[in-house]
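Chain by chain, the residues:
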There are 4 protein chains.
Amino acid sequence: MSAFTWPARVYWEDTDGGAIVYHADYLRYLERARTEWLRARGHSQRALARDPGILFTVVSLNIDYRAAARLDDTLWISCQPEAEGMASMRFIQRIHRDAGAGAPARLLVEASVRVACIDARTRRPKRLPDFLTEESQGGDVS
Amino acid sequence: MSAFTWPARVYWEDTDGGAIVYHADYLRYLERARTEWLRARGHSQRALARDPGILFTVVSLNIDYRAAARLDDTLWISCQPEAEGMASMRFIQRIHRDAGAGAPARLLVEASVRVACIDARTRRPKRLPDFLTEESQGGDVS
Amino acid sequence: MSAFTWPARVYWEDTDGGAIVYHADYLRYLERARTEWLRARGHSQRALARDPGILFTVVSLNIDYRAAARLDDTLWISCQPEAEGMASMRFIQRIHRDAGAGAPARLLVEASVRVACIDARTRRPKRLPDFLTEESQGGDVS
Amino acid sequence: MSAFTWPARVYWEDTDGGAIVYHADYLRYLERARTEWLRARGHSQRALARDPGILFTVVSLNIDYRAAARLDDTLWISCQPEAEGMASMRFIQRIHRDAGAGAPARLLVEASVRVACIDARTRRPKRLPDFLTEESQGGDVS
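The rules behind these values
Residues numbered from 1 in each chain as written. Chains lettered and ligands numbered in written order. Predicted model: local features only at pLDDT ≥ 70, side-chain atom pairs only at ≥ 80, totals over all residues. Heavy atoms only, no water. Least-squares fit on C-alpha atoms with pLDDT ≥ 70 in both. Buried < 20%, exposed > 50% of the residue type's maximum accessible area, 1.4 Å probe, protein only. Helix = DSSP H or I, 4+ residues; strand = E, 2+ residues; numbered from the N terminus. Pairing = 2+ DSSP bridges. Contact = heavy atoms within 4.5 Å. Buried area = accessible area lost by both parts, 1.4 Å probe. Salt bridge = Lys/Arg side-chain N within 4 Å of Asp/Glu carboxyl O. Polar contact = N/O pair within 3.5 Å; in protein donor to acceptor, adjacent residues only side chain to side chain. Nonpolar A, V, L, I, M, F, W, Y, C, P; charged D, E, K, R; others polar. Axes fitted to C-alpha atoms, helices over the stretch in contact; angles between N-to-C directions.

Let's talk about the relation of the copies chain B and chain A
Moving on, step 1. It takes a turn of 180 degrees to lay chain B on chain A, together with a shift of 0.0 Å along the axis; the resulting RMSD is 0.0 Å. Those values place the two copies in the arrangement expected of a two-fold rotation axis. When C-alpha positions in chain B are compared against the rotation axis, the closest is assigned to Asn62(B), at 2.2 Å.

So, the pairing of strand S5 (residues 106–119) of chain D
Residue and element names in this part refer to chain D.
Moving on, step 1. The buried count for S5 comes to 10 of 14 residues, which makes it a mostly enclosed element.
Moving on, step 2. Of the strand pairs in this sheet, strand S4 (residues 88–97) and S5 are connected by 10 bridges, and their pairing is antiparallel. When the bridges of S5 are listed, Met89 appears paired with Val115.

Concerning the interface of chain B and chain A
Moving on, step 1. Each partner contributes residues to the interface: chain B has 20 residues there, and chain A has 20 residues.
Moving on, step 2. For the pairing of chain B and chain A, the buried interface totals around 1,800 Å² over both sides, and the portion due to carbon and sulfur atoms is 50%.
Moving on, step 3. Inspection of the chain B/chain A interface yields zero salt bridges.
Moving on, step 4. Put simply, chain B and chain A have eight residue pairs in polar contact (both at pLDDT 80 or more) between them.
Moving on, step 5. Broken down by secondary-structure element, the contributors of at least two residues to the side of chain B that touches chain A are helix H1 (26–40) and strand S2 (54–65) of chain B.
Moving on, step 6. A per-element tally of the side of chain B that touches chain A places S2(B) first, with eight residues.
Moving on, step 7. Across the side of chain B that touches chain A, the residue classes break down as nine nonpolar, four polar and seven charged.

Description of the pattern of salt bridges
Moving on, step 1. Evaluated as defined, the whole model comprises 52 salt bridges over all chains.
Moving on, step 2. Between Glu13(B) and Arg32(C) there is a salt bridge, with its nearest N and O atoms 2.7 Å apart. Linking Glu13(B) in the loop between strand S1 (4–9) and H1 with Arg32(C) in helix H1 (residues 26–40), this pair reaches from one chain into another.
Moving on, step 3. Of the charged contacts in the structure, one is a salt bridge between Asp73(C) and Arg46(B), with a shortest N-O distance of 3.1 Å. Taken together, the positions of Asp73(C) in the loop between strand S2 (54–65) and strand S3 (74–83) and Arg46(B) in helix H2 (residues 45–50) put the pair across two chains.
Moving on, step 4. On the accessibility criterion, Arg46(B) (32% relative accessible area) is partly exposed.

Notes on the sheet that holds strand S5 (residues 106–119) of chain A
Moving on, step 1. Read across the open sheet, the 10 strands follow the order S1(A)-S3(A)-S4(A)-S5(A)-S2(A)-S2(B)-S5(B)-S4(B)-S3(B)-S1(B); overall the sheet is antiparallel. If you trace the sheet from one side to the other, it starts and ends with strand S1 (4–9) of chain A together with S1 of chain B, each paired once. For this sheet, the mean inter-axis angle between neighbouring strands, taken without regard to orientation, is 25 degrees.
Moving on, step 2. In this structure, strand S2 (residues 54–65) of chain A lies alongside S5(A), joined through 11 bridges in antiparallel fashion.

Interpretation in functional terms is not warranted from these geometric data alone.
Here's what the structure looks like:
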């Protein structure tokens, strides 16, 4: 598929007492993939906070946990943007576990994440930069 | 209201570079309140894992972030269970910021969390213990 | 003893795949106790960051892990300040597991944490406020 | 140098309200590098927990924070093992910030971490596997 994907390894820090990844920590993986999706387009959030002075903030999130990740697993996190008004975007994201050479990856997590663009100083909603509105309204994603 | 509530203080560990609570960390507050709701009914998860040998696992979660919590805020996390079949429960949860004496608390987060009961050894779905099915099918919650 | 102590409960978020508290997460408990030690003296870090414009930052830390904490444990974290120059303080801290009514608490962790006072804007070292230098040079701590 | 090194990127999840990496989170980077050092020798901790049935646990740690990492920084974490008896090892570890092409990396963190080998079932001290004692008593580390 054309969705952007980013790998992550599961470390001790990510696991909980059930010997699986703690449910809140999948949100970290999802954000890493969104950050890298942005970086792959040439933009770092630290630079965007200075110029044009914007931050991205999660405003809502739906997540389904289908199977658990375990220590040492290699995960692949995908990131597919969708249009969502002038000041926010929606990302459809999935996390698969790498099953090794040739084997089909297993779907672990599906999520839909709405992210708003805000002014870094006032924290009020702000229009998305052009490179993002063009991105999410179609075109080549990866 | 009759919903169970539990307090949390915001520490440095909970904040991110935007000087607000990191979005994934609200899931930790939500789980603390579910854990304490259970404890208020006389049950610890460590004991339940041994006898009758059950664990609870989050299977899906919807969360809306309405306003941000900041360092040193006192939060109140509510926890209202609802019936959801024989092997899972849904919790409607809200996080409010304490505004001090007399002032109305501000709603920060709303969430709906579906939690399944699983066998601690096999990790397969298991029927909820009676004290939980009775709980979520009405009756006095707090 | 006269040291300040603060309680913490162990939740799922704190545990790792070994079913014990993840080693880095004890540092969170230690910081919560230092924050509450300060608050017990009438000072919140958010207020101090505005006036007189200071932050505290950990500059070094030694920690010994003697025994592990587990899910649902109640911990007591102590905090004993010591003089350490004009712009930094050292805190001797211990974490005990509450063993229930009458039983002696078990020592889990011992740590020595050096914290520097810095200017919130420039991030350069700054003289400790008077209420802290007086505190750490003797007198009643709790 | 001959020390093993492993990269890490700083994400929002790692930062705190001071817009720098939260002090406890450097311990996560240190552990990732130890895990990858082990993996580079052909061993995953999940496999070792099954056969020969061992876990590694941090028993003490000294850390000096020299400079702060920020969002989007690329870090390099080194890992140099030293002999430390039959059932534990010491790792000398450093974290540098990548300064880009040609520029010298900046030292951010220095740490000394003592790790014990324990029986995965009984949690009692256990002799290190041969491949680790040989490793830490000299020879080619990377």
